[in-house]
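Here's the letter readout for the chains.
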Amino acid sequence: MVELDTRLERWIVEHRVHWLDDFFVALSHIGSYGMVWLLVAALAVLVWRRPAIFMYVLAGDLVAHLLSYALRVAIGRDRPPLRFSEPRALVHVPADPSFPSGHAATSFACAALLAWLTPLPRVALFALAALIAFSRVYNGVHYPLDVVGGAVLGLLVATALRLLVEALRRSEQVQRAG
């Protein structure tokens, strides 16, 4: 599986389409630290006047970021540029290990939370999350399994937060009724 993962990463970076380079570099930048998701959440707060939206998305972003970092350090998978010098990465190569992708984890956590909390189109939210995740492979700083692992982690974080919030709401309702 790892060999196939490496071959797929090599194929993607060796077949980059020059006119798409700036697009995928920009996606990586806006996905850094969940910036685009926090902006969308802030706009959602203004539109729907529900400040909790921002707090939930911020919590998902932070938890996904911290968990992905802890897992990267624990797993220690080298990034592609440490193994292959050409073609060069299109973005700055982070010093931390590769698996799972933090961009993918935060993007999928935030997209799932926004899909739950707002009437924003789910397809658009998850398409943006997938494009940000793919940008990390295209730009040469992650393997495909890194972004798949990050996406799964992000969805797990969002699901855990949602279940926690719903359990707290039920608990409050029971306390008020009892």
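See above for the structure.
Below, the structure is looked at part by part. Since the model is a prediction, treat every value here as computed from it, not as a measurement.

Moving on: the packing of aromatic side chains. A ring pair, where both rings are aromatic, is described by two values, the distance of the centres and the angle of the planes. This model, assessed by the stated rule, comprises six aromatic pairs. Relative to Phe126, the ring of Phe108 has its centre 6.2 Å away and its plane inclined at 35 degrees; by these criteria the two rings are tilted. With Phe108 in helix 6 (residues 102-117) and Phe126 in helix 7 (residues 122-138), this residue pair connects regions lying 18 residues apart in the sequence. Here the aromatic cluster, defined as three or more aromatic residues joined through ring pairs, consists of Phe23, Phe24, Phe134 and Tyr138.

Attention shifts here to the environment of Trp48. Here Trp48 is to be found in helix 3 (residues 35-48). Given the relative accessible area of 32%, Trp48 is considered partly exposed. When the C-alpha atoms of Trp48 and Thr118 are compared, they prove to be 8.2 Å apart, with 70 residues separating the residues in sequence. What Trp48 contacts, discounting residues up to four positions off in sequence, is Thr118, Pro119 and Leu120.

With that settled, the discussion passes to the nonpolar core. With 37 residues, the main nonpolar core has Trp37, Ile53, Val57, Leu113, Leu114, Leu125 and Val157 as its most contacted residues. When contributions to this core are tallied by element, the ones reaching two or more residues are helix 2 (21-31), helix 3, helix 4 (52-75), helix 6, helix 7 and helix 8 (144-177).

For any two helices packed against each other, one specifies the crossing angle of their axes together with the interaxial distance. Where helix 3 meets helix 4, the closest approach of the two axes is 8 Å, and the angle between their N-to-C directions is 165 degrees. Considering their axes alone, helix 3 and helix 4 lie roughly antiparallel with respect to each other. Read as a crossing pair, helix 3 and helix 4 show a hand that is right-handed. Contacts between helix 3 and helix 4 involve Trp37, Leu38, Ala41, Ala42, Ala44 and Val45 from the former and Ile53, Phe54, Val57, Leu58 and Asp61 from the latter. Per-class residue counts for the contact of helix 3 with helix 4 are 10 nonpolar, no polar and one charged.

Compared with the 22 Å implied by 1.5 Å per residue over 16 residues, the 22 Å span of helix 6 between its first and last C-alpha is a close match. Burial analysis of helix 6 places 16 of its 16 residues in the buried class, which makes it a mostly covered element. For helix 6, the side-chain oxygen to backbone nitrogen distance between the N-cap and His103 is 3.4 Å, and the N-cap itself is Ser101.

This part takes up a nonpolar patch on the surface. Judged by side-chain polarity, Leu39, Leu43, Leu46, Val47 and Trp48 come together as a nonpolar surface patch covering roughly 500 Å² of accessible area. In this structure, Leu46 sits in helix 3.

Among the residues making up helix 2, those that are buried are Asp21, Phe24, Val25, Leu27, Ser28 and Gly31. The arc that holds the buried residues of helix 2, viewed along the axis, is 155 degrees, so those residues lie on one side. Of the surrounding elements, those touching the buried residues of helix 2 are helix 3, helix 6 and helix 7. In the segment just after helix 2, Tyr33 is the residue with positive phi, at about 55 degrees.

Procedures and definitions
- Residues numbered from 1 in each chain as written.
- Predicted model: local features only at pLDDT ≥ 70, side-chain atom pairs only at ≥ 80, totals over all residues.
- Heavy atoms only, no water.
- Phe/Tyr/Trp six-rings, centres within 6.5 Å; stacked < 30°, edge-to-face > 60°.
- Helix = DSSP H or I, 4+ residues; strand = E, 2+ residues; numbered from the N terminus.
- Buried < 20%, exposed > 50% of the residue type's maximum accessible area, 1.4 Å probe, protein only.
- Contact = heavy atoms within 4.5 Å.
- Core = buried A, V, L, I, M, F, W, Y, C linked by side-chain atoms within 4.5 Å.
- Axes fitted to C-alpha atoms, helices over the stretch in contact; angles between N-to-C directions.
- Parallel < 35°, antiparallel > 145°, perpendicular 65-115°, else oblique.
- Left-handed = near helix turned anticlockwise from the far one by under 90°.
- Nonpolar A, V, L, I, M, F, W, Y, C, P; charged D, E, K, R; others polar.
- Expected span 1.5 Å × (residues − 1).
- Polar contact = N/O pair within 3.5 Å; in protein donor to acceptor, adjacent residues only side chain to side chain.
- Patch = residues over 30% accessible without salt bridge, like charges linked within 9 Å, V, L, I, M, F, W, Y side chains within 5 Å.
- Areas by Shrake-Rupley, 256 points an atom, 1.4 Å probe, with all protein chains shown as cover.
- Salt bridge = Lys/Arg side-chain N within 4 Å of Asp/Glu carboxyl O.
- Arc of directions from axis to C-beta.

Any functional reading would require information beyond the geometric quantities listed.
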